[in-house]
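# Secondary and tertiary structure notes
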Amino acid sequence: MWTPPPQLQNCSAVSSEDPFLTSFSLPTCLPFASSQSVPLPFPMAHGTTTLAFMFQGGVMAAADTRSSCSGLVACPASQKILPIHSHLVGLTSGTSADCALWKRILARELRLYQLRHGRRLSTSGAAKLLSHMLHPFKGTELCVAATLCGKKMNLSGPRLFYVCSDGTRLRGMLFSVGSGSPYAYSILDQGVHWGLTVDEAKSIAREAVYRATYRDAYSGNCVDMYHITSKGWTRRNREDLKEEYYREKERRKHEKTERRDRVMVESEENWQEYHED
Amino acid sequence: MALEDVCSFKERPVQHKWFSFSSLGDAAIPFPTSDCYNLRYSRLETSENNCGVPLHFFIPPLPHSSSFINRPLSSFCPPKNSMTVQKPFRLAHGTTTLGFIFQGGVIAAADTRASAGGLVACPAVHKITPIHSHLVVTSSGSGADCMLWERILIREIRLYQLRHGHRLSIRATAKLLSSMLHPFKGTEMCVALTLCGWDKSGPKLIYVCSDGARLQGDVFSVGSGSPYAYGVLDRELRWSLSKGEAISLAREAVFRATHRDAYSGNNVDLFHITAQGWSQRKREDLKEEYYRDKEKKGKKKNDKLK
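Chains are numbered independently. Their residues run from 1 in the order of the written sequence. Both sets of labels track the order of writing: A upward for chains, 1 upward for ligands. Given that the model is predicted, a residue must reach a pLDDT of at least 70 before its local features are reported, and side-chain atom pairs must reach 80 or more before they are shown or counted; all residues, however, enter totals for whole chains, interfaces and linings. Side-chain descriptors were evaluated using all non-hydrogen atoms of the structure, hydrogens and water having been removed beforehand.

### Some details on the overall build of chain A
In this text, helices come from DSSP runs of H or I with a minimum length of four residues, and strands from runs of E with a minimum of two, each type numbered from the N-terminal end. If you tally the helices and strands in chain A, you get seven helices and twelve strands. The contact criterion used is simple: two residues touch if any of their non-hydrogen atoms lie within 4.5 Å. In chain A, the share of contacts with a sequence separation of at least 24, taken over all contacts with a separation of at least 6, comes to 63%. Note on areas: Shrake-Rupley, 1.4 Å probe, and residue coverage restricted to the protein chains presented here. On chain A, roughly 14,600 Å² of surface is accessible, and the fraction owed to carbon and sulfur atoms is 55%.

### Some points on the pairing of strand S2 (residues 58-64) of chain A
Residue and element names in this part refer to chain A. Remark: exposure states derive from per-residue accessible area (1.4 Å probe, protein chains only) relative to the maximum for the residue type, with buried under 20%, exposed over 50%, and partly exposed in between. In terms of burial, S2 is largely enclosed, as seven of its seven residues are buried. Paired strands are those between which DSSP finds at least two bridges. Here strand S1 (residues 50-55) runs beside S2; their pairing, made up of six bridges, is antiparallel. In the sheet register, Met54 faces S2, and the bridge partner there is Val59. Joining the antiparallel neighbours S1 and S2 is a turn of two residues.

### Some thoughts on the sheet that holds S1(A)
All names here are of chain A. The five strands lie next to each other as S10-S1-S2-S11-S12, forming an open sheet whose pairing is antiparallel. Edge positions in the open sheet fall to strand S10 (174-177) and strand S12 (232-240), since each of these has one partner strand only. In this sheet, adjacent strand axes meet at a mean angle of 10° when their direction is disregarded. As paired strands, S1 and S10 are joined by four bridges and run antiparallel to one another. Bridging from a neighbouring strand, Thr50 pairs with Val177 of S10. Note on method: axes are straight lines fitted to C-alpha atoms, helices fitted across the in-contact stretch only, with angles between N-to-C directions ranging 0 to 180 degrees.

### Digging into the domain arrangement of chain A
Residues and elements named next belong to chain A. Here the limits of each domain have been adopted from an automatic or database domain assignment. Domain annotation for chain A reports domain 1 (45-237) and domain 2 (242-277). On the domain 2 side, the residues contacting the six residues of domain 1 number six residues. Together domain 1 and domain 2 conceal approximately 500 Å² of surface at their shared face, both sides included; 37% is due to carbon and sulfur atoms. Put simply, buried area is how much 1.4 Å-probe accessible surface two parts lose in total, over both of them, once they are put together. When the buried surface of domain 1 facing domain 2 is broken down by residue, Arg206, Tyr210 and Tyr214 rank first, second and third, together holding 71% of it. Each salt bridge in this description consists of a side-chain nitrogen of Lys or Arg and a carboxyl oxygen of Asp or Glu lying within 4 Å of one another. A salt bridge links Arg206 to Glu244; the shortest N-O distance between them is 2.8 Å. Whenever two N or O atoms come within 3.5 Å, that pair is a polar contact, provided that in protein one can donate a hydrogen and the other can accept it, and provided that, for residues adjacent in sequence, both atoms are side-chain atoms. Between domain 1 and domain 2 we count four residue pairs in polar contact (both at pLDDT 80 or more) in total.

### A word on the packing of helix H5 (residues 226-236) of chain B against helix H6 (residues 243-260) of chain B
All names here are of chain B. Taken N-terminus to C-terminus, the directions of H5 and H6 make an angle of 150°; their axes are 7 Å apart at the nearest point. If you check the angle between H5 and H6, you find them roughly antiparallel. Classified by chirality, the crossing of H6 by H5 is right-handed. Taken together, the residues of H6 that come into contact with H5 (itself represented by Tyr228, Ala229, Val232, Leu233 and Glu236) are Leu249, Glu252, Ala253, Arg256, Ala257 and Arg260. For classification purposes, angles smaller than 35 degrees are called roughly parallel, those larger than 145 roughly antiparallel, those between 65 and 115 roughly perpendicular, and all remaining angles oblique. Here a crossing is taken to be left-handed if its near helix is turned anticlockwise relative to the far helix by less than a right angle, and right-handed if that turn runs clockwise.

### Digging into the interface of chain A and chain B
On the side of chain B, 29 residues touch chain A, which itself brings 30 residues to the contact. Buried surface at the junction of chain A and chain B, both sides included, amounts to about 3,100 Å², of which 53% is carbon and sulfur. Counting every contact that joins chain A to chain B gives three salt bridges. A salt bridge links Arg235(B) to Glu207(A), with the shortest nitrogen-to-oxygen separation between them at 3.7 Å. Linking chain A to chain B there are nine residue pairs in polar contact (both at pLDDT 80 or more). Put simply, the parts of the chain that give the side of chain A that touches chain B at least two residues each are helix H5 (181-191), helix H6 (198-215) and helix H7 (242-276) of chain A. Gly is put with the polar residues, along with every residue not named as nonpolar or charged; the nonpolar set is Ala, Val, Leu, Ile, Met, Phe, Trp, Tyr, Cys and Pro, and the charged set is Asp, Glu, Lys and Arg. In terms of residue class, the side of chain A that touches chain B is made up of eleven nonpolar, seven polar and twelve charged.

### Here we look at the confidence of the model for chain A
Per-residue confidence for chain A averages 80 on the pLDDT scale, and 78% of its residues sit at or above 70. Confidence scores here are pLDDT values: one per residue, from the predictor, ranging 0 to 100. The model gives residues 3-37 of chain A a pLDDT under 50, and that stretch makes 20 contacts with residues more than four places away or in other chains.

Okay, structure coming up:
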């Protein structure tokens with residue numbers, strides 16, 4: 001079992017002495033609290049686009065692959081979808097270092113649970129476990145927003161949970177996280193419904209990530225897609241969205257020439273009309 | 001007001017009854033007028049080639065200028081005045097407005113919710129205002145500022161038309177608006193307007209902002225709901241859309257934005273501008289659309305389950 005760090009047990013002693021510090025003594029006792037000593041190198045922002053939705057064929061999860069560090073693209077080929085075990089996949093957003101660490105901690109805890117109890121922990125159990133593990137760090141600069149995609153325990157059917165380091169734990173049918181999420185949300189709201197086929201779901205997820213990378217500066221490069229069913233997760237090949245941009249650019253260029261000709265003809269007519277008045 | 005300006009009626013400073021000089025105490029600098037609109041001592045002198053009638057720009061004294069520092073605070077507070085007037089809430093462009101060009105003209109659409117922090121101050125506001133028969137402007141930012149600047153723009157365009165006998169082009173209108181807004185850069189004025197119109201050179205869409213941006217483009221969406229609208233617009237916008245398709249695309253984009261954004265909602269207004277002028281579609285309540293959409297998704301689910 002995951003035990004809280006030993007320093008936390010001393011916190012109650014501190015708080016009882018000082019009447020003003022009732023519940024705020026936690027940050028100073030935490031092993032990783034660093035707000036006073038180490039200044040942040042850059043303002044943290046969830047510079048990413050990740051999305052996941054449930055449909056009749058399971059859960060479809062997609063994310064871009066850009067890691068940004070203020071204005072710099074630190075890594076154009078990072079992995080934001082991390083498999084935790086054969087039936088659970090986590091999408092990460094926030095600080096990539098924190099996410100990678102917490103994914104490993106969660107994977108370790110789930111494996112230990114499985115070894116001790118002989119069965120896997122359910123997706124909702126995993127979400128609750130992660131949420132409780134992140135709780136002591138609430139108020140610090142830890143920034144993890146994970147979407148857990150799995151299946152129902154002992155039943156067939158998908159499960160989707162959103163867990164955040166500020167304490168949110170939500171179950172839902174559709175989540176998108178990150179700076180590019182508004183752009184993705186509108187596409188997903190338009191097209192996602194329960195009755196989608198697997199191919200339709202793939203194309204909607206891809207389109208949503210593409211549109212987010214088109215408009216958002218902090219999302220881009222490639223798109224990763226995972227499909228989770230009751231048999232486990234399958235991964236689609238990483239696709240570079242550059243090809244898609246060029247295809248679209250060609251199409252728009254063609255439209256532009258068509259339009260220029262049309263407008264020139266019309267404006268001539270209008271000009272004549274104007275001068276006739 | 002327009003007639004007075006054309007005739008240069010206000011040659012002498014006007015003293016309004018509700019501003020008393022006694023409240024000034026002993027001001028070091030005598031200022032000729034107390035009228036906020038015609039601050040004559042800072043009037044632009046450059047526009048005198050306009051048949052001798054200058055265009056009056058409302059230029060407030062900027063905080064760093066000496067005249068402001070020495071002048072005691074009066075009831076006519078200049079815009080940058082955080083000492084006396086507390087802002088009631090943090091200003092944010094709580095809206096969704098969009099405009100795009102296609103083969104059949106320009107479409108301008110907006111929601112109708114005016115929000116003040118967390119309160120829906122008015123659920124039925126007009127965010128799209130016609131300036132003249134071929135120009136419509138969508139507003140975002142502070143509602144009061146936008147309404148004022150729309151009126152100022154209408155006045156200036158009309159005056160130009162009367163003086164010169166022809167209408168100002170959309171690009172020139174945008175430039176005029178941008179230079180009128182420039183003195184207020186750095187103050188709390190917050191205006192983001194999209195001019196959608198048709199002039200001699202065809203359909204035009206220009207975004208003008210109180211920060212100083214002036215951008216011409218094919219598709220713009222402004223406000224807190226704009227990312228949601230952009231997702232939908234980028235996906236389906238084509239030059240070759242028919243009028244019906246373009247209208248339904250604009251409607252869909254505003255609907256998706258109002259669905260996800262808390263500060264946009266209520267109804268959708270739609271204007272279509274062509275070479276013949278603008279036409280307005282009847283204001284539509286998006287509540288109905290939400291229920292229709294929900295039903296459609298439920299129906300699809302049932303169909304698949306069968």
